[in-house]
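# Survey of secondary and tertiary structure
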Amino acid sequence: MKCEDFDKFLFENPKAKICPQEFVEHLKECENCASLWKIQETLADIGEDKITFSLSPAQRANLILRAKKEFFLKTASSLIEDSFVVSLLLSLFILGIIASATNLSKFQLFEKVMPYIKLFSSQVAPFLKDIQAVFSSQAGSILGAMAVFFIVFAFTLFVKTLNPKRLRPYF
Amino acid sequence: MEDKELLKDYLNGNEKAFEMILDKHQSNVIKLIYRLSGGNKELAMDLSQETFLRFIKAARDLKGESSIGTWLYRVAYNIFIDYVRKNEGEKVELDENTVKISSKSEKTLEQGEIKEKIKESLSKIPKEQALAIYLFYFEEAPLKKIAKVLNSSEGKVKTLLFRGRENLRKLVL
Ligand SMILES: [Zn+2]
C-alpha cells in the first residue's frame, strides 16, 4: 500500500525535492521506492538548471531571410492569382462593350454617336474607329481581346502594388 | 504577446512577428533536442534550424493549432527521430527488457554523478519515453500537453513516464 501511495505522490509532485514525513520511514525500508525517489529528485534537479540556448547569429539571420522570401513568394502568387481573376472579369466587361459597339455600327449607331464624341475630343474619335476596324475581323478580335486582357492585367497588378497594405494577406 | 496573435501578425506580413516567434521558442526547441541527444549542442542547433524552416513552410496551416510551442516540440521531436534513424541505422534501442542493470550501487554514486548519468541516459532510453520525461520533469508540462506533442493519450503518456523512469533507474543506479 505504501509503495502505491508513494508512487502516486511522485506522479503528482514531479518537482518535489523534500520527501513528506509520512514516507520517510518507508523509504528507509523499501529500496525500490528509495531509488525511484532518487531518480525523480535528480530529474527535478536537472529541470532546475536554467540553461538557455540560442541559434547562432548566422542561423538566425538565415531563418529570418527564409521567412521573408517565403512571405514574398506567397504574397506574389496570391497577388497574381487575384489580379488574374479581376482582370479576366474586367476585360470580359470591356470586350462586351466593344462587341456591342461593333454590332451597333450595323445600325449606324456608332456613326450617330461619333459626332458627339468628336465634339468632346477630336483625337478619341479616330482611335475608336481604329478599334472598331481591329475588331471587325476574327483574327483581329482574338488579338484585340488578348491585348485588352494583358493591358487590364498589367494595370490591375500596378494598382494592387501601389498600396501593399491593401494586398490580401498571404493566408 | 500570445502565439496566436504573433502568428496572425506574421501571416499579415509583419516581419518582426517572425523574429518574436523565433526568439520566444528557440531556446525550448534547442534544449529539447539537446537533452534527447544526450547533450549534443551542435546537433541541437542544426535540427532546431530545420524545425523553424518547417514552421516557415507550414505557417499558413497552423491557424487551427492551439499552441505554436506544442507544434514546434512535435516537429522538433520528429526531426530528431528521423535524424537518429538515418544516422544510427540498425542500432537497437533499449527497452525495459534489454536495459542492463548498472553494477554500481546507489551508495557509491554521488549526486553530481547521478545527475550526469541521467542526462546521458536520456539518449539511451526509447525516444518517446525520453520525450515524455523531458516534458514532464524539465518543462513541467501537464500530461495533456505531452499527449498533444506525442499525438497520443494521457494514459499512454503515464505509461511512458513510468517505463522511462524505470529504465533510467536501471541505467543509473
Ligand atoms: Zn515502496
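Structure: see above.
Predicted model, so just to flag it, every value in this text is computed and none were measured.

## Some details on the interface of chain A and chain B
Facing the 37 residues of chain A at the interface are 47 residues of chain B. When the two sides are added together, the surface that chain A and chain B hide from each other amounts to roughly 4400 Å², 64% of it contributed by carbon and sulfur. Taken together, the connections running from chain A to chain B amount to nine salt bridges. Residues R60 of chain A and D23 of chain B are paired through a salt bridge, measuring 2.7 Å at the closest nitrogen-oxygen approach. Run the count over chain A and chain B and you get 15 residue pairs in polar contact (both at pLDDT 80 or more). Among the secondary structure elements, those contributing two or more residues to the side of chain A that touches chain B are α1 (2-12), α3 (31-47) and α4 (57-106) of chain A. Its residues assigned to classes, the side of chain A that touches chain B shows 17 nonpolar, 10 polar and 10 charged.

## Side note on the side chain of Q129 of chain B
All names here are of chain B. Position of Q129 among the secondary structure elements: in helix α6 (residues 127-138). A residue is classified by how much of its surface remains accessible, and Q129, at 5% relative accessible area, is buried. A distance of 2.8 Å separates the side chain of Q129 from the side chain of N167, its partner in a polar contact.

## Focus: the coordination of the zinc ion
Under perfect tetrahedral coordination by four donors, a metal shows angles of 109.5 degrees; under perfect octahedral coordination by six donors, it shows angles of 90 or 180 degrees. Protein-derived coordination of the zinc ion comes from C3 of chain A (SG), H26 of chain A (NE2), C30 of chain A (SG) and C33 of chain A (SG), at a distance range of 2.1 to 2.3 Å. Taking relative accessible area as the criterion, C30 of chain A reaches 13% and is therefore assigned buried.

## Observations concerning the side chain of H25 of chain B
Looking at the secondary structure, you find H25 of chain B in helix α2 (residues 15-36). The contacts of H25 of chain B, once residues within four sequence positions are left out, are D3, F52, I68, G69 and L72 of chain B.

## Overview of the pattern of salt bridges
Under the definition given, this model contains 23 salt bridges over all chains. Residues D7 of chain A and R165 of chain B are paired through a salt bridge, measuring 2.6 Å at the closest nitrogen-oxygen approach. In this pair, D7 of chain A is assigned in helix α1 and R165 of chain B in helix α8 (residues 154-172), connecting two distinct chains. Looking at R165 of chain B, the relative accessible area reads 0%, which means it is buried. For E48 of chain A, the salt bridge is made with K17 of chain A, and the minimal N-O distance between the two is 3.4 Å. Placement of E48 of chain A in the loop between α3 and α4 and of K17 of chain A in the loop between α1 and α2 (21-29) is noted, with a sequence separation of 31 residues between them. Judged by relative accessible area, which is 41%, E48 of chain A ranks as partly exposed.

## Quick word on the packing of α1 of chain A against α3 of chain A
All names here are of chain A. Where α1 meets α3, the closest approach of the two axes is 11 Å, and the angle between their N-to-C directions is 5 degrees. Viewed along their axes, α1 and α3 adopt a mutual orientation that is roughly parallel. Packed against α1, whose contacting residues are C3, F6, D7, F9 and L10, the element α3 presents C33, L36, W37 and Q40 at the interface.

## Section: the packing of aromatic side chains
Residues and elements named next belong to chain A. The tally for this structure, following the rule as stated, stands at 17 aromatic pairs over all chains. Centre to centre, the rings of F149 and F150 are 5.4 Å apart; their planes meet at 70 degrees, and the pair counts as edge-to-face. Under the relative-accessibility criterion, F149 is labelled buried at 12%. Each member of the aromatic cluster is reached from another via a ring pair, and the members are F6, F9, F23 and W37.

## A closer look at the nonpolar core
Residues Y10, F18 and F55 of chain B are the most contacted members of the largest nonpolar core, which totals 71 residues. At 11 residues, the largest contribution of residues to this core is made by helix α4 (residues 68-88) of chain B. If you look at the next biggest cluster of nonpolar residues, it comprises 11 residues, including F23, L27, L36 and W37 of chain A.

Cut-off values and rules
Residues numbered from 1 in each chain as written. Chains lettered and ligands numbered in written order. Predicted model: local features only at pLDDT ≥ 70, side-chain atom pairs only at ≥ 80, totals over all residues. Heavy atoms only, no water. Contact = heavy atoms within 4.5 Å. Buried area = accessible area lost by both parts, 1.4 Å probe. Salt bridge = Lys/Arg side-chain N within 4 Å of Asp/Glu carboxyl O. Polar contact = N/O pair within 3.5 Å; in protein donor to acceptor, adjacent residues only side chain to side chain. Helix = DSSP H or I, 4+ residues; strand = E, 2+ residues; numbered from the N terminus. Nonpolar A, V, L, I, M, F, W, Y, C, P; charged D, E, K, R; others polar. Buried < 20%, exposed > 50% of the residue type's maximum accessible area, 1.4 Å probe, protein only. Donors = N, O, S within 2.8 Å, 3.2 Å for Na, K, Ca; no water. Axes fitted to C-alpha atoms, helices over the stretch in contact; angles between N-to-C directions. Parallel < 35°, antiparallel > 145°, perpendicular 65-115°, else oblique. Phe/Tyr/Trp six-rings, centres within 6.5 Å; stacked < 30°, edge-to-face > 60°. Core = buried A, V, L, I, M, F, W, Y, C linked by side-chain atoms within 4.5 Å.

Keep in mind these values describe shape, not function.
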